[in-house]
Amino acid sequence: MKWEVGSARRWYTMRKTFLMGNEAIAMGAIAAGVNLVAGYPGTPSTEVLETVAKHNDGSIYVEWSTNEKSGMEVAAGAAYTGARSMVTMKQVGLNVASDPLMSLEYIGVKGGMVVMVADDPGPISSQTEQDTRHYAAFSKLPCFDPSSVEEAYWMIQDAFALSERYGTPVFFRPTTRVCHGYASIEIKEKSEYYVNKPEGFKKDTMRWVIFPRTAFLNHQKIEKRNEQLGDAFSDYRRNIITLGNGETTSRRGIATHGISYTYTQEALEALRSFVNDDERAAMPDVMKVSTPFPFPERLAVDFLRGKDEVLCIEELDPVIERELTYVCGKYGLHVKIRGKLTHDVVNAGENTIDSVKKSIVDFMGWQDAATVRDATMNGDTCETPELPVRPPVLCAGCPHRASFYAVKVAMRGKKTIFCGDIGCYTLGNAMPLDMVDTCLCMGAGLGIAQGVGHIEPDTTCFAFVGDSTFFASAMTGVVNAVYNEADMVLVVLDNSTTAMTGHQPHPGTGHRMMELAENYKKSAEDVANRVSIEKVLEGMGVAAVEVVNPLDHKKAVEVVKRMAAMRGVKAIIMRSPCVMIVKHDKPLAVDSQKCVACKKCINSIGCPAVIMKGGKAFIDASSCTGCALCAKVCPFGAIG
Amino acid sequence: MKNNIFFCGVGGQGTVLASKLIASAAMKRGIPVMSAETIGMAQKGGSVFSFLRLGDGLHCPMLASGAADIIIGFEPAETVRSLRYLKPDGCVIVSSHPIMPVTAVLKGSNYTGAEMIDYLKKKVKNLTVVDTDEATRSIGSAKSMNMVLLGAAIRTGAIDLSIDDIKAAMRERVKPEFVTMNEKALDYVK
């Protein structure tokens, strides 16, 4: 196929390198001649954009956008001109960007445009286990699903070429283990990069302006194109069938995708040595689906013919399983399709080599292998000493701890609700702070606080939001509160960075990705327009706005008390930089003569640097940042 | 040749550099490498792990239970938690220095790390316990712990790389002023 890039790879001049999946995706995009990359940080997608910025020779425009919707629109605009563009985000970010996406489907693009959305089975660092393959089918856009670091490198290049050839945005959907896996792979030398020179935007109302009539006409074209694409994908060399015994078709098969395909390979290789000769002759065939939408139907029919049963090993939702069930019905094939819908595979959480091994052994009814499996997997764990649980916590010295503690102290004994948000500060929910009563999605805390307040006027409603999140999705919530005369306190936890995802700049920092990548470090001076959070809030008509350093505990408590007592929408900006990006102060120590082991320091703020040792509080000097919050908490002046 | 290496510890302990050094030493020798590590929220003081695999015919960077040739444990309890990954005859390098989770401090848990080391002594034949407190004191840098454990791991012979391979990779990655300290750390466990 014309858009397959990697098929002639032996002709390229290559070099060997050790890359993270996200870095491979970025290097692949650069090799495909990407002209513009926009995105919003979110685990596990963040490193893609950062890597493009780091390897940018100056010819690529790279930006962290205010949110995913902005990023999607910026990338679409670039692709309208014939530029190759990419927008990067995590799965929940796509919910934010879905508005432009759903219309862009009907308009299409001129230059290749890749929508890079990283899914997170588990979930490991997300609030949902949503499956972007559904978004692909919903928006009728083609979708690529890479299974390894190396495949991701080549497949993203295919994605750009396919997008451009069919004039449609294309999804590229890796999952966490591909994004954050590393492999030594060969990549193209710079001389081999594709160079894309955008033709420029050509005015054409019929093409670029969406109207009901255009949508109707384009809908028909899209359906036709997707039928053709499904057929073309049946010949795509990354949609493959492997015969279990290498020669003849087996009665049983496994259909899989993404990282689960590699787990299947590992599992089958390991199990091969435990099965008997008859079983070895009947090893299952494997179909790998690299393009879940449009589904490679013809290939699926080839795979299903002559089979009794097929097991679908998928992460997130049973997309392949439903497609195969549909194909069986459409073509009258008598094949039993098993997987999540039949409870043969767990329907939530990520797969592992172990879980895949178990599914295969059960599916194949391999008795000997089952014995071996049980022996190696269960082991004897009965006498294991009790292991301490280790949930993630706010870092030692994190200013969010001080902010939460100030609000907690100021509001003690009052009827309150603390609406949290997505970011490091979600960790304020942990004991002993216990300062997050709700958390839904980015920016939602504002709306939740208003809704609760309208029903419970005697509750003081707080919404906490981070600085990056403020710009990404909280501003409409503030306007809503002002306009509808809500009674609430907004606390902006401003640590001058997007901390959770690895310290990306945002509109309030005075820095941008382009300049950062050029300097490789943050300069102290502003190099970009800095949008002032306090001015934004004042402009929106917030009744009172105050800025306070949360580490100035006494003052912070006083400000919270004062603001909470006022009517209307009030905002407190708790401003202190993330401890990961600033130089630390001298670590504190406990004067064991003065310490009476009351544990107030530990039970009030739960800093990981403060522990009990020899019956007294003890500060671990290697992790203490000298924020001195514990010293302010100690009633005996024992910390200094 | 195929080596499966498992690192475990607590977010922020520096397991990543150790893993990167083995990877680059292997690549210099032309050995294919795959690895995976914890990134994201769990990094903030949570349990973290990283897999490192060397050799031909690797399909994925993840490990199955019972597949690790060696576990390099940066924390006693985390090492016990990871034991199911160890091959029956595999070896374990473990730091004796415990890290107390905030939850345990709040509950007044009596976790000391020593109970974990005792358990490991019973379960693992090929065990090296490293007193990393003593090691880092004698080397003079709290940040040398990862190199101490890495040196100990290489000396078990469970990884098909020599200490010189690792030193060569280290010299390319760390600032010149830290080379001597890191060499000392790599040689600490004889």
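Residues numbered from 1 in each chain as written. Chains lettered and ligands numbered in written order. Predicted model: local features only at pLDDT ≥ 70, side-chain atom pairs only at ≥ 80, totals over all residues. Heavy atoms only, no water.

Peer 1: I'm lost on the overall build of chain B in this one. Help?
Peer 2: A count of helical and extended segments in chain B gives eight helices and six strands. For 190 residues, the compact-globule formula gives about 16 Å, and the C-alpha radius of gyration of chain B, at 16 Å, lands near that figure. Seen along its three principal axes, the alpha-carbon backbone of chain B occupies a region of about 50 × 40 × 35 Å. Here chain B holds 190 residues, and the buried ones make up 61% of them. Long-range contacts, defined here as pairs at least 24 residues apart, represent 63% of the contacts in chain B between residues at least 6 apart. Total accessible area on chain B is roughly 7400 Å²; 51% of this is exposed by carbon and sulfur atoms. Distance from the positive charge centre (23 side chains) to the negative charge centre (18 side chains) of chain B: 3 Å. (Helix = DSSP H or I, 4+ residues; strand = E, 2+ residues; numbered from the N terminus. Rg over C-alpha atoms; globule rule 2.2 N^0.38 Å. Buried < 20%, exposed > 50% of the residue type's maximum accessible area, 1.4 Å probe, protein only. Contact = heavy atoms within 4.5 Å. Areas by Shrake-Rupley, 256 points an atom, 1.4 Å probe, with all protein chains shown as cover. Lys, Arg positive; Asp, Glu negative; His and termini not counted. Charge placed at Lys NZ, Arg CZ, Asp CG, Glu CD.)

Peer 1: Just to check I follow, could you spell out the overall build of chain A for this structure?
Peer 2: Helix and strand counts for chain A stand at 23 helices and 20 strands. Based on the C-alpha atoms only, the size of chain A along its principal axes is roughly 80 × 70 × 55 Å. The buried share of chain A, reckoned over its 640 residues, is 58%. Partitioning the intrachain contacts of chain A with sequence separation of at least 6 by distance along the chain shows that 79% fall at a separation of at least 24. Only carbon and sulfur atoms are counted for the fraction: they give 53% of the accessible area of chain A, which is about 26000 Å². In chain A, 69 side chains carry a positive charge and 74 a negative one; their mean positions are 4 Å apart.

Peer 1: It is not clear to me how the interface of chain A and chain B should be interpreted in this structure. Could you clarify?
Peer 2: A common measure of how large an interface is: the accessible area buried when the components associate. Counting residues at the interface gives 51 residues for chain A and 49 residues for chain B. Across the chain A/chain B interface, buried area totals approximately 4200 Å², and carbon plus sulfur atoms make up 63% of it. Contact with chain B buries surface across chain A, with Phe18, Tyr182 and Arg390 of chain A losing the most and accounting together for 18% of the total. Linking chain A with chain B are four salt bridges. For arginine 390 of chain A, the salt bridge identified is with glutamate 75 of chain B, shortest N-O distance 3.2 Å. (Buried area = accessible area lost by both parts, 1.4 Å probe. Salt bridge = Lys/Arg side-chain N within 4 Å of Asp/Glu carboxyl O.)

Peer 1: How should I be thinking about the environment of aspartate 56 of chain B in this particular structure?
Peer 2: All names here are of chain B. Checked against the element boundaries, aspartate 56 lands in the loop between strand S3 (47–55) and strand S4 (68–73). When the C-alpha atoms of aspartate 56 and lysine 28 are compared, they prove to be 15 Å apart, with 28 residues separating the residues in sequence. Once you skip the residues sitting within four places of it in the chain, aspartate 56 turns out to touch Met1, Lys2 and Pro32.

Peer 1: Just to check I follow, could you spell out the packing of helix H12 (residues 297–304) of chain A against helix H13 (residues 319–331) of chain A for this structure?
Peer 2: How two helices sit against one another is set out by the angle between their axes and by the gap between those axes. Residues and elements named next belong to chain A. Contact geometry for H12 and H13: axes closest at 10 Å, N-to-C directions at 80°. On the basis of the axis angle, H12 is roughly perpendicular to H13. Of the residues in H13, those in contact with Glu297, Ala300, Val301 and Leu304 of H12 are Leu324, Tyr326, Val327, Cys328, Lys330 and Tyr331. (Axes fitted to C-alpha atoms, helices over the stretch in contact; angles between N-to-C directions. Parallel < 35°, antiparallel > 145°, perpendicular 65-115°, else oblique.)

Peer 1: I'm lost on the packing of helix H5 (residues 132–139) of chain B against helix H6 (residues 145–155) of chain B in this one. Help?
Peer 2: All names here are of chain B. Contact geometry of H5 with H6 gives a least axis separation of 9 Å together with a crossing angle of 115°. Overall, the two elements H5 and H6 adopt an arrangement that is roughly perpendicular. Crossing geometry of H5 relative to H6 is assigned as right-handed. Contacts from Thr132, Ala135, Thr136 and Ile139 of H5 reach H6 at Met145, Val148 and Leu149. In terms of residue class, the contact of H5 with H6 is made up of five nonpolar, two polar and no charged. (Left-handed = near helix turned anticlockwise from the far one by under 90°. Nonpolar A, V, L, I, M, F, W, Y, C, P; charged D, E, K, R; others polar.)

Peer 1: Honestly, the pairing of strand S19 (residues 610–613) of chain A in this entry has me stumped. Any pointers?
Peer 2: Within a regular beta strand, the side chains point alternately toward one face of the sheet and then the other, so they alternate between its two faces. All names here are of chain A. Two elements, S19 and strand S20 (residues 616–619), share four bridges in a ladder whose sense is antiparallel. By the bridge assignment for S20, methionine 612 is matched with alanine 617. Where S19 folds back on S20, the antiparallel hairpin that results is connected by two residues, among which glycine 614 adopts a positive phi of roughly 60°. (Pairing = 2+ DSSP bridges.)

Peer 1: Can you help me understand the state of the cysteines in this one?
Peer 2: The term disulfide refers to a covalent linkage connecting the sulfur atoms of a pair of cysteines. All names here are of chain A. One pass over the structure, following the stated rule, counts zero disulfides over all chains. We note that cysteine 419 lacks a disulfide partner, and the nearest cysteine sulfur, in cysteine 461, lies 6.5 Å from it. Left unpaired, cysteine 424 is separated from the closest cysteine sulfur, that of cysteine 578, by 6.5 Å. (Disulfide = S-S within 2.5 Å.)

Peer 1: Where do I start with the pattern of salt bridges in this structure?
Peer 2: Any two side chains of opposite charge can pair, on the condition that their charged atoms come close. With the rule as written, the count across this model stands at 45 salt bridges over all chains. The salt bridge partner of lysine 330 of chain A is glutamate 297 of chain A, with a shortest N-O separation of 2.7 Å. Highlighted residues: lysine 330 of chain A in helix H13 and glutamate 297 of chain A in helix H12, separated in sequence by 33 residues. In this structure, aspartate 165 of chain B and arginine 29 of chain B form a salt bridge, with 2.8 Å as the shortest nitrogen-oxygen distance. Residue aspartate 165 of chain B is found in helix H7 (residues 163–173), and its partner arginine 29 of chain B is found in the loop between helix H1 (15–28) and strand S2 (33–37); the two are separated by 136 residues along the sequence. Shared partners join several salt bridges into a network, and the residues in it are Asp119, Asp131, Arg133, Asp145, Arg173 and Glu314 of chain A.

Peer 1: It is not clear to me how unusual backbone geometry should be interpreted in this structure. Could you clarify?
Peer 2: Excluding glycine, residues mostly carry a negative phi; peptide bonds, for their part, are mostly trans. All names here are of chain A. Here threonine 43 and proline 44 are connected by a cis peptide whose omega angle stands at 10°. You can see proline 44 is positioned in the loop between strand S2 (36–39) and helix H2 (47–54). A positive phi angle, close to 70°, is found at alanine 628, a residue other than glycine. Among the secondary structure elements, alanine 628 is positioned in the loop between S20 and helix H23 (629–633).

Peer 1: Can you help me understand the sheet that holds S4 of chain B in this one?
Peer 2: Where strands meet in a sheet, backbone hydrogen bonds hold them as pairs that are either parallel or antiparallel. Read from one edge of the open sheet, eight strands run S1(A)-S8(A)-S2(B)-S3(B)-S1(B)-S4(B)-S5(B)-S6(B), paired in mixed fashion. With partners counted over all chains shown, the strands left at the sheet margins are strand S1 (14–20) of chain A together with strand S6 (126–130) of chain B, one partner each. With direction set aside, neighbouring strand axes in the sheet form an average angle of 20°.

Peer 1: Is there a simple way to think about the side chain of threonine 469 of chain A in this case?
Peer 2: All names here are of chain A. By secondary structure assignment, the location of threonine 469 is in helix H18 (residues 467–483). The exposure class of threonine 469 is buried, given its relative accessible area of 6%. Looking at threonine 469, its side chain comes within polar contact range of the side chain of tyrosine 425, at 3.0 Å. With near-sequence residues (within four places) excluded, threonine 469 lies in contact with Tyr40, Asp421, Ile422, Tyr425, Met442, Gly443 and Ala474. (Polar contact = N/O pair within 3.5 Å; in protein donor to acceptor, adjacent residues only side chain to side chain.)

Peer 1: How should I be thinking about the sheet that holds strand S3 (residues 61–64) of chain A in this particular structure?
Peer 2: All names here are of chain A. Taken in spatial order, the six strands make up an open sheet running S3-S2-S4-S5-S7-S6, and their pairing is parallel. On the outer flanks of this sheet lie S3 and strand S6 (143–144), each paired with one strand and no other. As defined by bridge partners, strand S5 (residues 113–118) adjoins strand S7 (residues 170–172) across three bridges and the pair is classed as parallel. Across the sheet, residue valine 115 finds its bridge partner in S7, namely phenylalanine 171.

Peer 1: Where do I start with the domain arrangement of chain A in this structure?
Peer 2: Residues and elements named next belong to chain A. Here chain A is partitioned into domain 1 (6–233), domain 2 (240–377), domain 3 (399–575) and domain 4 (583–640). Relative placement of domain 3 and domain 4: their C-alpha centres are 27 Å apart. With seven residues of domain 3 at the contact, the number on the domain 4 side is 12 residues. Where domain 3 touches domain 4, the interface holds zero salt bridges. Between domain 3 and domain 4 we count two residue pairs in polar contact (both at pLDDT 80 or more) in total. By residue class, the composition of the side of domain 3 that touches domain 4 is five nonpolar, one polar and one charged. (Domains from an automatic or database assignment.)

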